[in-house]
Amino acid sequence: MIMMEEERNRTVCAIPFRLVIVKTLKGWIDMDNFRKNNGLRRRVLVIDDELINREILGNILNQDYEVSYAADGQEAMDLLHSGENVYSLVLLDLLMPVMDGFQVLNNMKADDTLKTVPVIVMTSEVDAEVSSIRLGAADFITKPYNMPEVILARCQRIIELSEDKSIISSAEKDILTGLYNRSFFFEYVRQIEKYDAVHSADVLVLNIDHFHMFNEMHGRKEGDRILRKLAAVMQKKLGETEGIGCRIGADTFYWYGNHMEGYEDVLASIQEELSGKDQSKRVRVRAGVYQNVDRSAEVENWFDWAKQACDQVRGDYSRQLAYYSSDLHDKSLYHEQLINDIDEAIRNKDLIVYYQPKYGIQGEVPHLRSAEALVRWKHPERGMISPGDFIPLFESNGLIQRLDHYVWQEAAAQVRKWKEEFDVSIPVSVNVSRIDIHDPCLEEQLRSILEKNGLSAEEVMLEITESAYAENARGLTEVVERLREQGFRIEMDDFGSGYSSLNMLTTISIDVLKMDLQFIRNMQKDDKSLKMVELVLDIAKFLKVPVVAEGVEDEVQLQLLKERGCDLIQGYYFSRPVPPEEFEKFIKDEIELSEE
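So, how was this worked out
Residues numbered from 1 in each chain as written. Predicted model: local features only at pLDDT ≥ 70, side-chain atom pairs only at ≥ 80, totals over all residues. Heavy atoms only, no water. Pairing = 2+ DSSP bridges. Helix = DSSP H or I, 4+ residues; strand = E, 2+ residues; numbered from the N terminus. Axes fitted to C-alpha atoms, helices over the stretch in contact; angles between N-to-C directions. Contact = heavy atoms within 4.5 Å. Buried < 20%, exposed > 50% of the residue type's maximum accessible area, 1.4 Å probe, protein only. Salt bridge = Lys/Arg side-chain N within 4 Å of Asp/Glu carboxyl O. pLDDT = per-residue confidence, 0-100. Parallel < 35°, antiparallel > 145°, perpendicular 65-115°, else oblique. Nonpolar A, V, L, I, M, F, W, Y, C, P; charged D, E, K, R; others polar. Core = buried A, V, L, I, M, F, W, Y, C linked by side-chain atoms within 4.5 Å. 1 Å grid on protein atoms, 1.4 Å probe; cavity = no way out; pocket = protein on both sides within 12 Å on 5 of 7 lines; lining within 4 Å. Points joined across faces, edges and corners; volume = space filled by probe spheres on them. Polar contact = N/O pair within 3.5 Å; in protein donor to acceptor, adjacent residues only side chain to side chain. Expected span 1.5 Å × (residues − 1). Right-handed = clockwise from strand over helix to strand, strands pointing away.

### Regarding the sheet that holds strand E5 (residues 139–141)
So, point 1. As summarised here, the arrangement of the five strands in space is E2-E1-E3-E4-E5, forming an open sheet in which the pairing is parallel. Either end of the sheet is taken by a strand with one partner, and the two such strands are strand E2 (66–70) and E5. With strand direction ignored, the average angle separating the axes of adjacent strands in the sheet is 25°.
So, point 2. Sheet strands touched by helix H5 (residues 101–110): strand E3 (87–93) and strand E4 (119–122). Its angle to E3, the strand with the most contacts, is close to 150°.

Structure representation (structure tokens):
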């Protein structure tokens, strides 16, 4: 599928790059007007051993161009190499002493600087035209020169075509990597597909993980070197499939080529060559492949799907490559529907806030102390949707903030309703995501919700996670300090699940520790987990804060925790998360218990 350079060059002018060409031609017209208005004229070199022919052509061309002359090929090459003038066109006689026109064509073709200068051959021999075309001649003028208007028109046309081609070529390629730019890449793929839709084709998307961080650590110059190297290695390793490549954005690359197997080996080879010996400047490349493209779909969709596969391995260091499949397609459509439906779900209250009770267990009888707000989605078409389907999705695209705000409002309204109905205050914990932490309006938003429902800050507790700390420790610390000053109570969720949990305790003042439920699940199975539970409880005692144990499911777990001084229990032992109306049973039971 790869086009030979000469074939590609001849194809450029035929490809309907409508938007690009319109802009290019407009620019050319503007430049042409600029030249005329400022008296700037292109220079043409006439090469002919006959003085009379040089004079005739000079008289024809002088009105529009600056004309230089050479009496033989060697003199012409000396002028071309001197660098004194830039030539827009060469008019070349073939039969000359010292160096003939064929040798001039050969020399110009072999020179990177001169091979782009268009040449019109002057001859009356038909056989010479074929040889000249093969050597790169752009057009012919037949001797004798008895039609000046035709000569001027041909010169103007060849110069315009050459300059248009030069402008298009400069826009065609990414300057840094030499790969195609986006618009030209997709158009070339469409052209290839138009003439070769028989062979199976694959598309590949490659991305450099955390490339912006690499640039910050090692400098943009080193980053550019990595991009150039990746482009070169990609062409080297994938070139065997016969394809074309493109750079999209800063650190993403597209490839289109014949179908092949073994992309894992190809990517491993690319990674190996790209990493080199300097491990301090190592980068990780991940990839997504869409094999045997569906030609009934749009070309751009092929790469969107391959990118979806590529995104599947973001942050997954156990693999670097994923294949697009129908399952992934269905999942993407499913996620897209959830994203599109969130606003309607909020308006219609299809997102239902459930509540899971937290019981204090230090004493003979457990007492209801608070609850955690947990959202569920009752979709009008898909029924109940698991939080595991939509919460990670919304966390990845920023919609989690909209969901959080909805839950805060619903939870606060429910606390107010219970206070009005039962004359008791049941504090409710709500999640504060790391996106919320970065919101400068966070405190105002929370304060507004409290004022609207007539609640105090202690009645809506805020859960933060270790991931928010790991992403922006200083920012989280500042926000937490301001929130606690306003009376909010802060719960550290999933304590012990990550490496920075202990570090969080040294920098952030918190009011409650929520122990990671994995410790609870495993504490009866192995001593290490039980020791971790004891360690967390000891830390909490030192800090003088209560501990909530999540995921408690049976009496044995409850007793183990109670014996070791755990304060609060949350889990299926008492109740699964339930809708507000079912939660009222726990409130009524607690009221009856307190009246005994």
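### Some thoughts on unusual backbone geometry
So, point 1. Phi angles above zero are rare outside glycine, and Val-98 is one such case at about 65°.
So, point 2. Secondary-structure assignment places Val-98 in the loop between E3 and H5.
So, point 3. Exposure remark for Val-98: the relative accessible area of 70% places this residue in the exposed category.

### Side note on the pattern of salt bridges
So, point 1. Scanning the entire structure with this criterion turns up 31 salt bridges.
So, point 2. When the shortest N-O distance is used, the salt bridge between Lys-349 and Glu-410 registers 2.7 Å. A residue pair is termed long-range when its members are at least 10 positions apart, and Lys-349 in the loop between helix H13 (326–348) and strand E11 (351–360) and Glu-410 in helix H15 (residues 400–422) qualify at 61 residues.
So, point 3. Of the charged contacts, one joins Arg-484 and Asp-511 as a salt bridge, the two residues approaching to 2.9 Å between their closest N and O atoms. On the criterion of sequence distance, the pair formed by Arg-484 in helix H19 (residues 473–485) and Asp-511 in the loop between helix H20 (501–507) and strand E17 (512–515) is long-range, its members being 27 residues apart.
So, point 4. For Arg-484, a relative accessible area of 31% translates into the label partly exposed.

### Overview of the sheet that holds strand E7 (residues 243–248)
So, point 1. Across the sheet, five strands lie side by side as E7-E8-E6-E9-E10; this open sheet has mixed pairing. In this open sheet, the two edge strands, each paired with only one partner strand, are E7 and strand E10 (321–323). Neighbouring strand axes in the sheet, compared pairwise and without regard to direction, differ in orientation by 15° on average.
So, point 2. The sheet contact formed by E7 and strand E8 (residues 252–258) spans six bridges and is antiparallel.

### Concerning the confidence of the model for the chain
So, point 1. The predicted model of the chain averages 85 in pLDDT, with 89% of residues at 70 or higher.
So, point 2. Per-residue pLDDT stays below 50 along residues 1–29; that stretch engages in 44 contacts with residues further than four places along the chain or on separate chains.

### Structural notes on the packing of helix H9 (residues 211–218) against helix H10 (residues 220–238)
To describe two helices that pack against each other, one gives the angle between their axes and the distance between the axes.
So, point 1. At a minimum axis distance of 7 Å, the contact between H9 and H10 shows a crossing angle of 135°. With respect to H10, the axis of H9 lies oblique. Where H9 approaches H10, its residues Phe-211, Phe-214, Asn-215 and His-218 are matched on the opposing element by Arg-220, Glu-222, Gly-223, Ile-226 and Leu-227.
So, point 2. For the contact of H9 with H10, a count of residues per class yields four nonpolar, three polar and two charged.

### Examining the nonpolar core
Across soluble globular proteins, nonpolar side chains show a tendency to be buried alongside one another.
So, point 1. Leu-513 and Phe-583 are the most contacted members of the largest nonpolar core, which totals 81 residues.
So, point 2. Looking at this core, the element that brings in the most residues is H15, giving ten residues.
So, point 3. Apart from residues no more than four positions distant in its own chain, Phe-583 is found in contact with Tyr-355, Gln-356, Pro-357, Leu-368, Ser-370, Ala-371, Trp-418, Ile-426 and Val-578.
So, point 4. In this structure, Phe-184, Phe-185, Val-203 and Cys-310 belong to the second largest nonpolar core, which totals 29 residues.

### Re the layout of surface pockets
So, point 1. The computed volume of the second largest pocket comes to approximately 840 Å³.
So, point 2. Forming the walls of the second largest pocket are 33 residues, and the residues nearest its centre are Glu-372, Leu-374, Glu-463, Asp-493 and Glu-550.
So, point 3. Of all elements in the fold, only strand E12 (367–379), helix H14 (387–397), H15, strand E14 (428–431), helix H18 (466–471), strand E16 (490–495) and helix H21 (517–522) reach the threshold of two or more residues within the lining of the second largest pocket.
So, point 4. Looking at which element gives the most residues to the lining of the second largest pocket, the answer is E12, with five residues.
So, point 5. Among the residues making up the lining of the second largest pocket, the classes are represented as 14 nonpolar, eight polar and eleven charged.

### Overview of the side chain of Thr-252
So, point 1. Among the structural elements, Thr-252 can be located in strand E8.
So, point 2. On the basis of relative accessible area, Thr-252 is assigned to the buried category, the value being 11%.
So, point 3. A distance of 2.8 Å separates a polar atom in the side chain of Thr-252 from a polar atom in the side chain of Asn-207.
So, point 4. Apart from residues no more than four positions distant in its own chain, Thr-252 is found in contact with Val-205, Leu-206, Asn-207, Cys-246 and Arg-247.

### Topic: H10
So, point 1. With 19 residues, H10 extends 26 Å between its outermost C-alpha atoms, agreeing within 8% with the 27 Å of an ideal straight helix rising 1.5 Å per residue.
So, point 2. Of the surrounding elements, those touching the buried residues of H10 are strand E6 (201–208), H9, E7, E8, helix H11 (263–275) and strand E9 (285–290).

### Section: the pairing of E2
So, point 1. Alignment of strand E1 (residues 43–47) against E2, held across five bridges, turns out to be parallel. Along E2, the bridge assignment pairs Arg-43 with Glu-66.
So, point 2. Where the polypeptide runs from E1 across helix H3 (residues 51–61) and back to E2, its parallel neighbour, the crossover connection is right-handed.

### Thoughts on the environment of Leu-161
So, point 1. Within the secondary structure layout, Leu-161 lies in helix H7 (residues 148–172).
So, point 2. With 23 residues separating them along the chain, Leu-161 and Ala-138 place their C-alpha atoms 9.8 Å apart.

### Observations regarding H15
So, point 1. Look at H15: 32 Å from first C-alpha to last across 23 residues, which is about the 33 Å you get at 1.5 Å a residue.
So, point 2. A positive backbone phi angle near 60° is found at Asp-423, which sits one or two residues after H15.

### A short note on the pairing of E4
So, point 1. Of the two faces of E4, the one lined by Val-119 and Val-121 and the one lined by Ile-120 and Met-122 are each fully buried.
So, point 2. Bridge count for E3 against E4 is four bridges, and the pairing is parallel. Bridge assignment links Val-90 to a residue of E4, and that residue is Val-119.
So, point 3. Crossover E3 to E4 through H5 is right-handed.
So, point 4. Taken together, the three bridges between E4 and E5 define a ladder with parallel strand orientation. In the sheet register, Met-122 faces E5, and the bridge partner there is Ile-141.

### Structural notes on the environment of Leu-537
So, point 1. Structurally, the position occupied by Leu-537 is in helix H22 (residues 527–543).
So, point 2. Taking the C-alpha atoms as reference points, Leu-537 and Asp-567, separated by 30 residues in sequence, lie 9.2 Å from one another.

### Comments concerning the environment of Asp-209
So, point 1. Here Asp-209 shows up in the loop between E6 and H9.
So, point 2. Note on Asp-209: relative accessible area 9%, which makes it buried.
So, point 3. Taking C-alpha positions, Asp-209 is 6.2 Å from Val-285, a pair spaced 76 residues apart along the chain.
So, point 4. If we skip the residues at most four places from it in the chain, Asp-209 touches Arg-284 and Arg-286.
So, point 5. Within the structure, Asp-209 has its side chain in polar contact with the side chain of Arg-286 (distance 2.5 Å).

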